[in-house]
Amino acid sequence: MIEVQAPNPMPMLKIPKIFLGGSIEMGVAEEWQKRVVAELSDCEVMLLNPRRADWDSSWVQSKDDPNFRAQVEWELGALSQSDHIIMYLDPNTKSPISLLEMGLHAQSGKLLVVCPEGFWRKGNVDIVCEKYGFPQFASLDAVIARVRILLGK
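All figures in this text were calculated on a predicted structure; none of them were measured in a lab.

Cut-offs applied
For every chain, the first residue of its written sequence is number 1, and the numbers climb from 1 along that sequence. With pLDDT at 70 or above as the cut-off, local features in this predicted model cover only qualifying residues; side-chain atom pairs require 80 or more to be listed or tallied, and sums for whole chains, interfaces and linings still use all residues. Side-chain descriptors were evaluated using all non-hydrogen atoms of the structure, hydrogens and water having been removed beforehand. Helix and strand assignments come from DSSP, with helices taken as H or I runs of at least 4 residues and strands as E runs of at least 2, each series counted from the N terminus. Computation of the radius of gyration draws on C-alpha atoms, with the globule rule given as 2.2 Å multiplied by the number of residues to the power 0.38. Only protein chains enter the accessibility calculation, which uses a 1.4 Å probe. A residue is then buried if its area is under 20% of the maximum for its type, exposed if over 50%, and partly exposed in between. Whether two residues touch is decided by their heavy atoms; if any such pair falls within 4.5 Å, the residues are in contact. All accessibility values rest on the Shrake-Rupley procedure with a 1.4 Å probe; residue burial counts only the protein chains present in the view. Counting rule for charge: Lys and Arg are taken as positive, Asp and Glu as negative, and neither His nor the chain ends is counted. Taken as the charge centre is NZ of Lys, CZ of Arg, CG of Asp or CD of Glu, depending on the residue. Think of the arc as the fan of directions from the helix axis to the C-beta atoms.

> Any chance you could explain the overall build of the chain here in plain terms?
The number of helices and strands found in the chain is 5 helices and 6 strands. The order of α-helices and β-strands along the chain, N terminus first, is β-β-α-β-α-β-α-β-α-β-α. Rg of the C-alpha trace for the chain: 15 Å, near the compact-globule value of 15 Å for 153 residues, within the 12% margin. In terms of its C-alpha atoms, the chain occupies a principal-axis envelope of roughly 40 × 35 × 30 Å. Within the chain, buried positions represent 42% of all 153 residues. A separation of at least 24 residues holds for 72% of the contacts in the chain among residues at least 6 apart in sequence. Accessible area for the chain stands at about 8100 Å²; split by element, carbon and sulfur atoms hold 53% of it. With 16 positive and 20 negative side-chain charges, the chain shows a spacing of 5 Å between the two charge centroids.

What follows is the structure, encoded as C-alpha cells:
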C-alpha cells in the first residue's frame, strides 16, 4: 500500500488508485482516513489522501491563494486519476465540498459512498446513489470490506 497525501505528486504505478474523499472538517470530522489506510495496509493499492498534516486554516479560500489553489487542483487531479472514490460523509459535518465532488463523479462509476444515519442531507445522498446506481454503505467497515473484495483480498 502506498499513501499519497496532498499536495505530493502521485507515482506513476500501475496499481489501483483510491481517492479518500469525504468529510475532513478539522476538529469536527473523525480522522477516518487513518483507519482506511491502516485497514488496507496489506493491499496493493495507492490511497490518494487529501487530508494533509500541514494544512493552514489561514489560507484564503480563493483561486488567487497559491496554497489553496494547489490543494484544490491536487484533489481534482486525484479524483480524475482514481479508479475508485470512497466518499465518507461524517454525520457531525456538513461537508459541502464532499457533496460537490460526489455530484461531479455521480456518473463516473467510481463512487463508494458511506452516509451513516444522521448526516444532514442523507435523503439527498440516498436518492442520488439510487438514481445513478452506485453502492452506498452504512459504515466504514462495510466499505472497507467491499474495497478488499475489489482488490482481490
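Text resumes after the structure shown.
> Honestly, the side chain of Gln 33 in this entry has me stumped. Any pointers?
Structurally, Gln 33 is set in helix 1 (residues 32-39). Residues within four places of Gln 33 in sequence aside, it is in contact with Leu 20, Ser 23, Ile 24, Asn 49 and Arg 51.

> Would you mind showing me how to read helix 5 (residues 140-150) here?
For the α-helix, the turn length of 3.6 residues means that residues three or four positions removed from each other point alike. What helix 5 keeps buried is the set Leu 140, Val 143, Ile 144 and Val 147. Buried residues of helix 5 fall within an arc of 100° about the axis and therefore sit on the same side. Note on helix 5: the residue one or two positions beyond its end, Gly 152, has a positive phi of about 75°.

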